[in-house]
Amino acid sequence: MSRCTTLEISAKSVVMATGGYAANKEMVKEAFGFEGVNGGLGQNVGEGLKMAWEAGAKVPDNFGGQMLHQTLARATQGLKAQYEPFEASYPLMLTYLPNFMNVGTSGARFRDEAATLTSVAAANTSAFNGPYHMVIVSKSQLNSLQTKGMQGVHAPSLPGMPPEFYAGFADQFTLENPWTNVEKVFDSMVENGDGFKGNTIEELATNAGMDVDVFVENYNSYKEATKTGVDTEFSKATEYLESMGEEGPYYAIIAEINNLGSVGGLLVNTKFQVLNDKRTPVKGLFAVGLESEGVLFNDTYVGNGVAILLYLRSSWRGERGKQCFES
Ligand SMILES: Cc1cc2nc3c(=O)[nH]c(=O)nc-3n(C[C@H](O)[C@H](O)[C@H](O)COP(=O)(O)OP(=O)(O)OC[C@H]3O[C@@H](n4cnc5c(N)ncnc54)[C@H](O)[C@@H]3O)c2cc1C
């Protein structure tokens, strides 16, 4: 039997450092409309923010921003139980290449896929398509990967994934390395429920829950662009308009966006004092880290590696100057 005890602790000052609310799915959806994956700590559910708001802190005007920074393939984890890391990462790698058609859950194409070359642009252009987007791959493209690796589909560079994503297969992570077993791996992805397959475009749309008419129209328009070299809808560069071939099967990879954390929730001044609706300090209340990051970023994390700055800067001030946490 578990027993909970509530402790009431009196202190001259309180520093809120509870890491935001990215693990609170409902709160993120309500504040930002985002339904992707939480890549941060599961315990960061916004309790500290709610306490601070109850104590009189202002909810900032830009409240809602998230640190969207990476693309994930839902298939990776399941495939890692069945295949070597390189093979298990085939779907993941394709989510980072500009040479493949990307569609939202309705089946409509939504961006110039060259956005995948920059991780923050990739994450933020996908973010409002529902819980995931899909990367469309044809049989002829899989054949090219099987025989010539990523250079077979004219990848301009290696997928721009974080180093930890390919640390387990760094020696195989080249453009030339052939993708052996690729069709088997993609079939496993579908069997695991982490992607879709269809022998025709219509069948793929049905199996993936897309609107068939929407997908067929978008697919035909994209296919036409791969033939003419002119993308009339999103102006993707000709060199990324990789041929889809004429035959199925076709696959759809489920690609999700990884949220590294919520951005902000409390307004702070340069002493990290939390401000109220009048933008004056709430006596004795300070905030650092993600809770205070709304003063550094707005609704988009720019990805320069400065997110941790507010935490470090506040620690430094606390240690060196001792003026930071005085009320
Ligand atoms: C995968 C990943 C990669 C990242 N890469 C970078 C990078 O390259 N560069 C960069 O600048 N930033 C990066 N970030 C962001 C950076 O890590 C964060 O901005 C920073 O760690 C935030 O620090 P924090 O102290 O606010 O929150 P956290 O480090 O999350 O700490 C919050 C703490 O509060 C605790 N807590 C939560 N609720 C309660 C409660 N009710 N009571 C008591 N304790 C509670 C939690 O357990 C946790 O210990 C990355 C984040 C992730 C997830």
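Just so we're clear, the structure is a prediction, and the values are computed from it rather than from any experiment. Here the residue numbers are simple positions, counted from 1 along each chain's written sequence. In view of the model being predicted, local features appear only for residues whose pLDDT reaches at least 70, and side-chain atom pairs are presented and counted only at 80 or more, with totals across whole chains, interfaces and linings using the full set of residues.

(A) The arrangement of the pairing of strand 5 (residues 133-138) in detail. In terms of residue burial, strand 5 counts as a mostly covered element, since six of its six residues are buried. Of the two faces of strand 5, the one carrying His 133, Val 135 and Val 137 and the one carrying Met 134, Ile 136 and Ser 138 are both buried. Examined bridge by bridge, strand 4 (residues 101-103) and strand 5 share three bridges and lie antiparallel to one another. Note on strand 5: the bridge partner recorded for Met 101 is Ile 136. Where strand 5 and strand 7 (residues 250-262) come together, six bridges link them in antiparallel fashion. Residue pairing across strands places Val 137 opposite Tyr 251, the latter belonging to strand 7. Any residue with 12 or fewer other C-beta atoms within 10 Å of its own C-beta is exposed, any with 20 or more is buried, and the rest are partly exposed; the C-beta atoms used are placed from the backbone. A run of H or I in DSSP counts as a helix once it spans at least four residues, and a run of E counts as a strand once it spans at least two, with each numbered from the N terminus. For two strands to be treated as a pair, DSSP must find at least two bridges joining them.

(B) A look at the pairing of strand 3 (residues 66-73). Within strand 3, eight of the eight residues are buried, leaving the element largely enclosed by the surrounding structure. Examined bridge by bridge, strand 3 and strand 7 share six bridges and lie antiparallel to one another. Residue pairing in the sheet places Leu 68 in a bridge with Asn 259 of strand 7.

(C) Representation of the environment of Pro 85. As for its placement among the helices and strands, Pro 85 is situated in helix 4 (residues 85-88). When the C-alpha atoms of Pro 85 and Phe 165 are compared, they prove to be 9.5 Å apart, with 80 residues separating the residues in sequence.

(D) Spatial organisation of helix 2 (residues 47-54). Buried residues of helix 2: Gly 48, Leu 49 and Ala 52, and no others. An end-on view of helix 2 places all buried positions within 100 degrees of arc, on one side of the element. It is the C-beta atoms, placed from the backbone, that decide contacts: two residues are in contact if theirs lie within 7 Å. Contact partners of the buried residues in helix 2: strand 1 (14-16), strand 8 (273-275) and strand 9 (281-287). Gly 56 sits one or two positions beyond helix 2 and adopts a positive phi of about 110 degrees. What the arc measures is the spread of directions leading from the helix axis to the C-beta atoms.

(E) Main features of the domain arrangement of the protein. Examined at the domain level, the protein breaks down into domain 1 (14-65 + 263-320) and domain 2 (69-258). Just so you know, the domain bounds were taken from an automatic or database domain assignment. Measuring from the centre of the C-alpha atoms in domain 1 to the corresponding centre in domain 2 gives 35 Å. Tallying the contact residues gives ten residues for domain 1 and 13 residues for domain 2. Gly falls in the polar group here, along with every residue not listed as nonpolar (Ala, Val, Leu, Ile, Met, Phe, Trp, Tyr, Cys, Pro) or charged (Asp, Glu, Lys, Arg). Of the residues that constitute the side of domain 1 that touches domain 2, the class distribution is four nonpolar, five polar and one charged.

(F) Focus on the sheet that holds strand 8. Read across the sheet, three strands follow the order 1-9-8 without closing on themselves; strand pairing throughout is mixed. Pairing within the sheet leaves two strands with one partner each, and these edge strands are strand 1 and strand 8. Neighbour-to-neighbour, the strand axes of the sheet open up by a mean angle of 55 degrees, direction not taken into account. Where strand 8 meets strand 9, two bridges bridge the pair, whose relative direction is antiparallel. Looking at the pairing, Gln 273 lines up with Phe 286 of strand 9. Helix axes are fitted only over the stretch in contact, all axes being lines through C-alpha atoms; the angle between N-to-C directions runs from 0 to 180 degrees.

(G) Layout of the environment of Val 185. Within the element layout of this structure, Val 185 appears in helix 9 (residues 182-191). We classify Val 185 as buried; it has 21 C-beta atoms within 10 Å. On a C-alpha basis, the gap between Val 185 and Glu 87 in space is 7.0 Å, while along the polypeptide they are 98 residues apart. What Val 185 contacts, discounting residues up to four positions off in sequence, is Leu 79, Tyr 83, Glu 87 and Tyr 90.

(H) Examining the nonpolar core more closely. We call a set of buried Ala, Val, Leu, Ile, Met, Phe, Trp, Tyr and Cys residues a nonpolar core when their C-beta atoms link them within 7 Å. In this structure, Leu 94, Met 134, Val 135, Ile 136, Val 137, Ala 252 and Ile 253 are the most contacted members of the largest nonpolar core, which totals 48 residues. Aside from chain neighbours lying at most four places away, what touches Ile 136 is Phe 100, Met 101, Val 103, Tyr 250 and Ala 252.

(I) Representation of the environment of Gln 151 in the model. With respect to the helices and strands, Gln 151 occurs in the loop between helix 7 (139-148) and helix 8 (163-166). For the pair formed by Gln 151 and Thr 174, sequence separation is 23 residues and the distance between their alpha carbons is 9.0 Å. Contacts of Gln 151, omitting those with residues within four sequence positions, involve Leu 175 and Glu 176.

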